[in-house]
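Letter by letter, the chains look like this.
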Amino acid sequence: MQVPSMLRDDLLTWGRSHRFRHHLRSLHFSDEAVAAMGLAESGRTMLARGLGRSYGDSALNADQILLDVNGLDRFIHFDAASGIVECEAGVTLAAILQLLETRDSDQRWFLPVTPGTKFVTVGGAIANDVHGKNHHRAGCFGNHVLSFQLLRSNGEILNCSPNSNPALFQATIGGLGLTGLILSARVALQAVAGLWLEAESFRYENLDRFHQISSASLTDWEYSVAWIDCLAAGANLGRGVFTRARHVAPAPGMDQLRFDSHGQPRLSLPFDLPSFAMNRTSIGIFNTMLWHKASARPRRQITHYDPVFYPLDAIGGWNRLYGASGFYQYQCVVPTSTARDAIRELLGLISQSGQASFLAVLKTFGTVVSPGMLSFPMPGVTLALDFPNRGFGTLALLDQLDRVTQSAGGRIYPAKDGRVSAAAFQQGYPGWRQFSTMIDPGFSSSFWRRVSAEAPLTRFRPL
Ligand SMILES: Cc1cc2nc3c(=O)[nH]c(=O)nc-3n(C[C@H](O)[C@H](O)[C@H](O)COP(=O)(O)OP(=O)(O)OC[C@H]3O[C@@H](n4cnc5c(N)ncnc54)[C@H](O)[C@@H]3O)c2cc1C
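Calculation notes
Residues numbered from 1 in each chain as written. Predicted model: local features only at pLDDT ≥ 70, side-chain atom pairs only at ≥ 80, totals over all residues. Heavy atoms only, no water. Helix = DSSP H or I, 4+ residues; strand = E, 2+ residues; numbered from the N terminus. Buried < 20%, exposed > 50% of the residue type's maximum accessible area, 1.4 Å probe, protein only. Axes fitted to C-alpha atoms, helices over the stretch in contact; angles between N-to-C directions. Parallel < 35°, antiparallel > 145°, perpendicular 65-115°, else oblique. Contact = heavy atoms within 4.5 Å. Nonpolar A, V, L, I, M, F, W, Y, C, P; charged D, E, K, R; others polar. Pairing = 2+ DSSP bridges. Expected span 1.5 Å × (residues − 1). Near = heavy atom within 4 Å. Polar contact = N/O pair within 3.5 Å; in protein donor to acceptor, adjacent residues only side chain to side chain. Areas by Shrake-Rupley, 256 points an atom, 1.4 Å probe, with all protein chains shown as cover. Salt bridge = Lys/Arg side-chain N within 4 Å of Asp/Glu carboxyl O. Domains from an automatic or database assignment. Buried area = accessible area lost by both parts, 1.4 Å probe. Left-handed = near helix turned anticlockwise from the far one by under 90°.

Engineer: Kindly report on unusual backbone geometry, identifying the contributing residues and their values.
Structural biologist: Phi at Asp129 takes a positive value of approximately 40°, unusual for a residue other than glycine. You can see Asp129 is positioned in the loop between α3 (122–127) and α4 (135–138). Phi is positive for Leu176, close to 60°, though the residue is something other than glycine. Tracing the backbone shows Leu176 in the loop between α5 (166–172) and β10 (181–188). Given a relative accessible area of 6%, Leu176 falls into the buried group.

Next up, the structure:
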């Protein structure tokens, strides 16, 4: 069997810090996908690729085969009475939103869970078991997946659900694309009062206030998240802007208003910014301005969901802000019992280092358990920040953050990672060994080879 002819060395993921060579095969129909399984006979492994919105190397498979599933983008069925959508795995969350916005019916449906970008595929959302600002209510994407069709490298197509192939169902949700290729899925949408949101944003002074506001918001608000000023220190450590929102029924005439935003962003960054543009001074000025600009008291507004859920989608290619060397995102979760001290320690180290960017968020996760064997969330607090890639200094800081996360009993999010050690990963995911028995032998990824190594690996060094 010949490997695909398209040899590419320009496939990056969102952080743009890993550049590998791949054999790329684009798939448009499920019979093409079945035929592509024969590629495993070449001795190379395969990995599905969605929209490449994972940050590090979990959607990369260096020197091996990537199967681009964006062409598997058809809706199969939408039942407006039950809110169940069935679609191919390359359908994007943006396409589902467009479908929901353009339907006129008394019952409004919305995505049950959405990450901070709508430009992700359903296959990618399942494989990373993504979470959103409503984790405290709804859990992860996988909590709403009813079933999917999984193509294995031996050409078999398995229907997976809690009752049919349950172990593969659990392993594939949050399974990082390693159990096979998801061809299609059935997802239960959430019934909502309307597509519009009632939202409040206001600034708060420090970490203690974050915890107070967050726990007070979890009962009445469907969505909550905080942007944090990661350079603030001392009494202001952890200060930020808290946003909370819930769906509301439209006032007369409101539902006709639509943002035409599901296609290309209105603004885009066509080139890499010089890496020195993102420095402590520029970020410090920006953060201080943003914090002071926010209202001191909750100010309520009715808004489209786009600016609340997807502010970054408005700027195409914003990931080029960090320059040609790209960036790392660090996202960890620490359990409730240790969260206060651990988040304080993490933010203290970050603030001292002066390395992080202005994109930093803090969110309290809830207790809904995902069916996913390797899912990231746990009850506790999650912190996510971008770090411009400055080579060794950045990696050393992230290792330090790992040590705090590990000793607090937490773990890092594979979808965002490009550098965690095998030891730190394995400690955070004690079920990884059981999971690895479910991996399809024809599938692998750069991330998995790195974190499943038995002996400590020489750390991958970015260019
Ligand atoms: C601005 C931004 C904000 C984000 N916010 C959040 C957030 O709030 N919460 C969150 O959880 N994540 C968040 N993410 C991460 C993102 O949601 C996930 O990385 C998501 O999985 C990306 O989907 P994708 O289609 O781009 O998949 P890719 O990144 O291309 O692939 C992701 C994984 O899915 C696998 N995969 C893709 N398609 C299939 C398939 N058909 N069958 C089997 N495996 C498949 C791949 O092999 C890979 O392991 C954010 C990312 C960005 C850029």
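Engineer: Tell me about the packing of helix α9 (residues 336–353) against helix α10 (residues 392–407), and name the residues and values.
Structural biologist: Between α9 and α10, the least distance of the axes is 9 Å, while the angle of their chain directions is 170°. Judged by the angle between their axes, α9 and α10 are roughly antiparallel. Residues Ala342, Glu345, Leu346, Leu349, Ile350 and Ser353 of α9 touch α10, and the partners they reach there are Leu397, Gln400, Leu401, Val404 and Thr405. Taken together, the residues of the contact of α9 with α10 break down into 7 nonpolar, 3 polar and 1 charged.

Engineer: How would you sum up the sheet that holds strand β13 (residues 223–228)? Please name residues and give values.
Structural biologist: Within a sheet, neighbouring strands are paired by backbone hydrogen bonds and run either parallel or antiparallel to one another. The strand order across the open sheet formed by 8 strands is β16-β12-β14-β13-β19-β20-β18-β21, and the pairing between neighbours is antiparallel. On the outer flanks of this sheet lie β16 (299–303) and β21 (411–412), each paired with one strand and no other. In this structure, β13 lies alongside strand β19 (residues 360–365), joined through 2 bridges in antiparallel fashion. In the strand pairing of β19, Ala226 is matched with Leu362. On top of the sheet, α9 reaches β13, β18 (327–335), β19 and β20 (380–388); it is set at about 150° to β18, its chief contact.

Engineer: Residues and numbers for α10, please.
Structural biologist: In a regular helix each residue adds 1.5 Å, so 16 residues correspond to 22 Å; α10 covers 23 Å between its end C-alpha atoms and thus fits that length. If you check which residues of α10 are buried, you get Thr394, Leu395, Leu397, Leu398, Leu401, Asp402, Val404 and Thr405. Those residues of α10 that are buried are in contact with β18, α9, β20 and β21. Phi turns positive one or two residues past the end of α10, at Gly409, with a value near 80°.

Engineer: Can you lay out the site of the ligand for me, pointing to particular residues and giving the numbers?
Structural biologist: What surrounds the ligand is a group of 34 residues, the closest being Ala48, Arg53, Ser54, Thr121 and Tyr413. A distance of 3.1 Å separates an oxygen atom of the ligand from a polar atom in the backbone of Leu51. A total of 970 Å² of accessible area belongs to the ligand in isolation, and the protein chains cover 96% of it. Elements with a minimum of two residues in the shell around the ligand: β3 (46–49), α3 and β10. In terms of residue class, the shell around the ligand is made up of 18 nonpolar, 13 polar and 3 charged.

Engineer: With reference to specific residues and values, describe the pattern of salt bridges.
Structural biologist: Oppositely charged side chains are able to pair whenever their charged atoms sit close together. Under the counting rule described, the total for this entry stands at 18 salt bridges. Salt-bridge contacts for Asp306 lead to Lys118; the nearest nitrogen and oxygen are separated by 2.9 Å. You can see Asp306 sitting in helix α8 (residues 305–309) and its partner Lys118 sitting in the loop between β7 (108–110) and α3, a full 188 residues away along the chain. Note on Asp306: relative accessible area 5%, which makes it buried. Look at Lys118 and you get buried, because its relative accessible area is 1%. We note a salt bridge from Arg209 to Glu205, for which the minimum N-O separation is 3.7 Å. With relative accessibility at 39%, the residue Glu205 sits in the partly exposed group. Each member of the salt-bridge network shares a partner with another, and the members are Asp57, Asp399, Asp402, Asp417, Arg419 and Arg450.

Engineer: Any details on the domain arrangement of the protein? Residues and values, ideally.
Structural biologist: When the domains of the protein are assigned, the result is domain 1 (5–70 + 436–451), domain 2 (76–192) and domain 3 (196–249 + 261–419). Between domain 1 and domain 3, the residue contacts involve 14 residues of the former and 21 residues of the latter. Each partner contributes to the roughly 1300 Å² buried at the junction of domain 1 and domain 3, and carbon and sulfur atoms together form 53% of this total. Of all residues in domain 1, the largest losses of buried area upon contact with domain 3 belong to Trp14, Arg16 and Tyr55, amounting jointly to 50% of the total for that side. The tally of links from domain 1 across to domain 3 stands at 1 salt bridge. Applying the counting rule to domain 1 against domain 3 returns 6 residue pairs in polar contact (both at pLDDT 80 or more). Grouping the amino acids of the side of domain 1 that touches domain 3 by side-chain chemistry returns 5 nonpolar, 6 polar and 3 charged.

Engineer: I'd love a proper account of the packing of helix α6 (residues 207–217) against α9, names of residues and values included.
Structural biologist: Packing of α6 against α9 leaves a shortest axis separation of 11 Å and a crossing angle of 135°. Between α6 and α9, the angle is such that the two are oblique. As α6 runs across α9, the sense of the crossing is right-handed. Here Leu207, Asp208 and His211 of α6 lie close against α9, whose contacting residues are Arg340, Ile343, Arg344 and Leu347. For the contact of α6 with α9, the residue count by class is 3 nonpolar, 1 polar and 3 charged.

Engineer: Before we move on, could you go through the pairing of strand β14 (residues 240–248) and cite the residues and values that matter?
Structural biologist: Burial runs high along β14: 9 of the 9 residues are buried. Looking at chain direction, strand β12 (residues 196–204) and β14 are connected through 9 bridges and run antiparallel. Bridging from a neighbouring strand, Leu197 pairs with His247 of β14. When β13 meets β14, the two strands line up antiparallel, connected through 6 bridges.

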